[in-house]
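# Tertiary structure, described
Below are the chains, spelled out letter by letter.
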Amino acid sequence: MKERQNEFESVALPHSGSLLRVARRLTFDPATAEDLVQETLLRAWRGFDQFEAGTNARAWLFRIMFNVFYAQGRKVRASPLLVPFQAPGNDAPPHGGTDFSLLDNAILSAALDDLSEEHRTVILLAVVEGFTCRELAEILSIPIGTVMSRLSRARRALRESLTQTTAAPKLYRAQAGVK
Amino acid sequence: MMDCNQVAELAPFYLSGELDRERAAAVDAHLRSCSSCMHELESQARLDTRMREAIAGEPVDTTAVELWIRARMATDSHGKVTAISRRPSRRRWLVAAMSAAAVLLLMAVGYRVLMGPHLGRVYADAALDHQREVVEHEPRRWLSDRAAISALAEGQGISAAAPFAISSGPYRLERARLCFLAGRVFFHAVYTDGTREFSVYFRVRGNDSLPGSPREMDNGLLVHSSIVGGEQVASFQTKTLTVVAVSDRYSGDALHAARLAATNL
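Residues numbered from 1 in each chain as written. Chains lettered and ligands numbered in written order. Predicted model: local features only at pLDDT ≥ 70, side-chain atom pairs only at ≥ 80, totals over all residues.

With that settled, consider the overall build of chain B. Looking only at helices and strands, chain B features nine helices and seven strands. The long-range fraction of contacts in chain B, counting pairs at least 24 apart against all pairs at least 6 apart in sequence, stands at 53%. (Helix = DSSP H or I, 4+ residues; strand = E, 2+ residues; numbered from the N terminus. Contact = placed C-beta atoms within 7 Å.)

As structure tokens, this is what we get:
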């Protein structure tokens, strides 16, 4: 049994950081994120016999996590507590050729959080975690064509958000008790 | 024929090598004639990289999670609790890697200022790309399937045999992807002997000639070479290809790689 445990640890635990990083941006609450990852790892452990050694462990784990996440519904799915507030009169038209490489991490992070859960999910998985469209289709249980169009829309939404950010700084207001 | 809107949708998948051959060829054809779409693609690629750095670079502490699952696994098996060991933090590695990348970025920027526009940037970009993607193993989408690599090369107008021709002696082609150097798409192949790695970047030759000091002639091909940051960069051009080799050592691996490429292409 110990050997099986060691095997599972070497297969699954290297991905716990990635899982937690994505979980944090799905639940927006560190404790809930940890619960989600723990539940994911537990289910993976229990289903470890079905896992074929040498296959894509990371995609397998993420698929489990999203199954858990979607199953838990409104309990864990949340919005960020801070909501961007557009100051009046800042309707500067976005200029072409924005140099996104100069944006600081906080702005990028906020822009990502601003996205809808659907868009945020595909950006996290494809851009941040580096999954292919095929892997995304497997993880989210959606057709690959849907993955691609969702990703295109998400990228567009992200760029619009960032282009407006660089044109006019956003103010934030706290939104109490939003779940 | 694709229009700019279609290309804008498909371009990121083109870059990651995920488009089928027909669509990849169509996107490629459009990009070669539409500089504004090329700039958009490059801007998108840069945004992707920045997003990845910003988010994947955030420190994350998995200690509690790992302790929890270890404890559950132990009790889940036979009801006996086994010893729990603490895993070393990966944060230190991340910080070190990021500062090294930052230094290299500054050097690359400085190099660009010296070398001027266009292909002058290609060595700085190649050195930085190799440092981040190969040496530091940042998460990237690599193709390691031989057929996929051949298809990717051919999609760029590079004969599929070319990248494999360099696999010789202990070094073999392990993975490949597309990337941007100096505002142009290059085919990036990584070769390894199991412990050491070097990168070779291929591109169908245009009218540009490469900067740098000519070092030697191999098979009548001129080899330029330079040291950029902590990387050695060596390059040459055949009638049809521009080739840039990068290794992260001063032992002359890049020159050796370029020589290998020159004799085999």
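That shown, we press on.
Scanning chain A for helices and strands turns up eight helices and two strands. What you see in chain A, going N to C, is helices and strands ordered as α-α-α-α-β-α-α-α-α-β. Here chain A holds 179 residues, and 34% of them are scored as buried. When contacts within chain A are restricted to residue pairs at least 6 apart in sequence, long-range pairs at least 24 apart make up 74% of them. (Buried ≥ 20, exposed ≤ 12 C-beta atoms within 10 Å, placed from the backbone.)

With that settled, the discussion passes to the packing of helix α1 (residues 4–15) of chain B against helix α3 (residues 35–56) of chain B. Residues and elements named next belong to chain B. Across the interface, α1 lies against α3 with an axial gap of 10 Å and an inter-helix angle of 45°. Between α1 and α3, the angle falls in the class oblique. Crossing of α1 over α3 shows right-handed handedness. Two secondary-structure elements touch here, α1 through Cys4, Val7, Ala8, Ala11, Pro12 and Leu15 and α3 through Cys37, Glu40, Leu41, Gln44 and Ala45. Residues that form the contact of α1 with α3 fall into these classes: nine nonpolar, one polar and one charged. (Axes fitted to C-alpha atoms, helices over the stretch in contact; angles between N-to-C directions. Parallel < 35°, antiparallel > 145°, perpendicular 65-115°, else oblique. Left-handed = near helix turned anticlockwise from the far one by under 90°. Nonpolar A, V, L, I, M, F, W, Y, C, P; charged D, E, K, R; others polar.)

With that out of the way, let us pick up the interface of chain A and chain B. Between chain A and chain B, the contact holds 32 residues from the first and 33 residues from the second. Examining the composition of the side of chain A that touches chain B, we find that six residues originate from one element, helix α3 (residues 30–46) of chain A, more than from any other. Considered class by class, the residues forming the side of chain A that touches chain B number 16 nonpolar, eleven polar and five charged.

We now examine α3 of chain A. The terminal C-alpha atoms of α3 of chain A lie 24 Å apart, and with 17 residues this matches the ideal 24 Å at 1.5 Å per residue to within 8%. Here α3 of chain A has its buried residues at Ala33, Leu36, Val37, Gln38, Thr40, Leu41 and Ala44 of chain A. (Expected span 1.5 Å × (residues − 1).)

On to helix α2 (residues 16–27) of chain A, then. Residue and element names in this part refer to chain A. Helix length check: α2, at twelve residues, gives a terminal C-alpha distance of 16 Å against a target of 16 Å (1.5 Å per residue), a fit within 8%. With twelve of twelve residues buried, α2 lies mostly within the body of the structure. When α2 is considered as a whole, its buried residues turn out to be Ser16, Gly17, Ser18, Leu19, Leu20, Arg21, Val22, Ala23, Arg24, Arg25, Leu26 and Thr27. Phi turns positive one or two residues past the end of α2, at phenylalanine 28, with a value near 55°.

To continue, consider the environment of isoleucine 55 of chain B. For isoleucine 55 of chain B, the position within the fold is in helix α3. With residues up to four places along the chain from it excluded, the contact list for isoleucine 55 of chain B reads Ser109, Leu112 and Val128 of chain A.

Right, let's talk about the pairing of strand β7 (residues 241–247) of chain B for a bit. The side chains of a regular strand alternate between the sheet's two faces. Residues and elements named next belong to chain B. The buried count for β7 comes to six of seven residues, which makes it a mostly enclosed element. Where strand β6 (residues 231–237) and β7 come together, six bridges link them in antiparallel fashion. Counterpart to alanine 234 in the pairing with β7 is alanine 245. (Pairing = 2+ DSSP bridges.)

Moving on, we get to the nonpolar core. Phe187, Val200, Ala245 and Ala261 of chain B are the most contacted members of the largest nonpolar core, which has 102 residues in total. Viewed by domain, this core spans two of them, domain 1 (2–75) and domain 2 (82–174) of chain A, each represented by three or more residues. Non-local contacts of valine 200 of chain B, meaning those with residues more than four positions away in its chain, are made with Ile166, Ala189, Tyr191, Val243, Ala245, Ala257 and Ala261 of chain B. (Core = buried A, V, L, I, M, F, W, Y, C linked by C-beta atoms within 7 Å. Domains from an automatic or database assignment.)

With that out of the way, let us pick up the confidence of the model for chain A. The predicted coordinates of low-pLDDT regions are not to be read in fine detail. All names here are of chain A. Taken residue by residue, chain A gives an average pLDDT of 82. The fraction at 70 or more is 75%. Predicted confidence in chain A is weakest over strand β2 (residues 171–174), with a mean pLDDT of 43, and strongest over helix α6 (residues 117–128), with 96. The model gives residues 83–97 a pLDDT under 50, and that stretch makes 19 contacts with residues more than four places away or in other chains. This model gives residues 168–179 a pLDDT under 50, and the stretch forms 20 contacts once residues within four places in sequence are excluded. (pLDDT = per-residue confidence, 0-100.)

For the rest of this paragraph, the subject is the packing of helix α4 (residues 57–72) of chain A against helix α7 (residues 133–140) of chain A. Residues and elements named next belong to chain A. In contact at an axis separation of 8 Å, α4 and α7 are set at 40° when each is read in the N-to-C sense. Like other packed secondary-structure pairs, α4 and α7 cross with a definite hand, here right-handed. Contact with α4, carried on its side by Ala59, Phe62, Arg63 and Phe66, involves Glu135, Glu138, Ile139 and Leu140 of α7 and no other residues of that element. Tallied by class, residues from the contact of α4 with α7 come to five nonpolar, no polar and three charged.

To continue, consider the pairing of β6 of chain B. All names here are of chain B. Most of β6 sits out of view: seven of its seven residues are buried. Burial along β6 is two-sided: Glu231, Val233, Ser235 and Gln237 facing one way and Gln232, Ala234 and Phe236 facing the other are all buried. Here β6 folds back onto β7, and the loop between the two strands holds three residues.

All names here are of chain B. For chain B, per-residue confidence averages 76 on the pLDDT scale, and residues scoring 70 or more make up 73% of the total. Across residues 99–117 the pLDDT falls below 50, and counting only partners more than four positions away or on other chains, this stretch makes 22 contacts in the model. Both scores are available for the predicted complex, with the pTM at 0.65 and the ipTM at 0.80.

The next point concerns the environment of proline 30 of chain A. For proline 30 of chain A, the location among the structural elements is in helix α3. Taking C-alpha positions, proline 30 of chain A is 8.9 Å from leucine 20 of chain A, a pair spaced ten residues apart along the chain.

Right, let's talk about the environment of proline 170 of chain B for a bit. Following the sequence through the fold, proline 170 of chain B ends up in the loop between α8 (161–165) and β1 (172–181). Sequence separation of proline 170 of chain B and aspartate 193 of chain B is 23 residues, and the distance between their C-alpha atoms is 5.2 Å.

Further remarks concern unusual backbone geometry. Residues and elements named next belong to chain A. Positioned with a positive phi, phenylalanine 28 is a non-glycine residue whose angle comes to about 55°. Here phenylalanine 28 lies in the loop between α2 and α3. With a phi angle near 55°, serine 141 is a residue other than glycine that sits in the positive phi range. By the element assignment, serine 141 lies in the loop between α7 and α8 (144–167). On the basis of neighbour count, serine 141 is assigned to the exposed category, with 10 C-beta atoms found within 10 Å.

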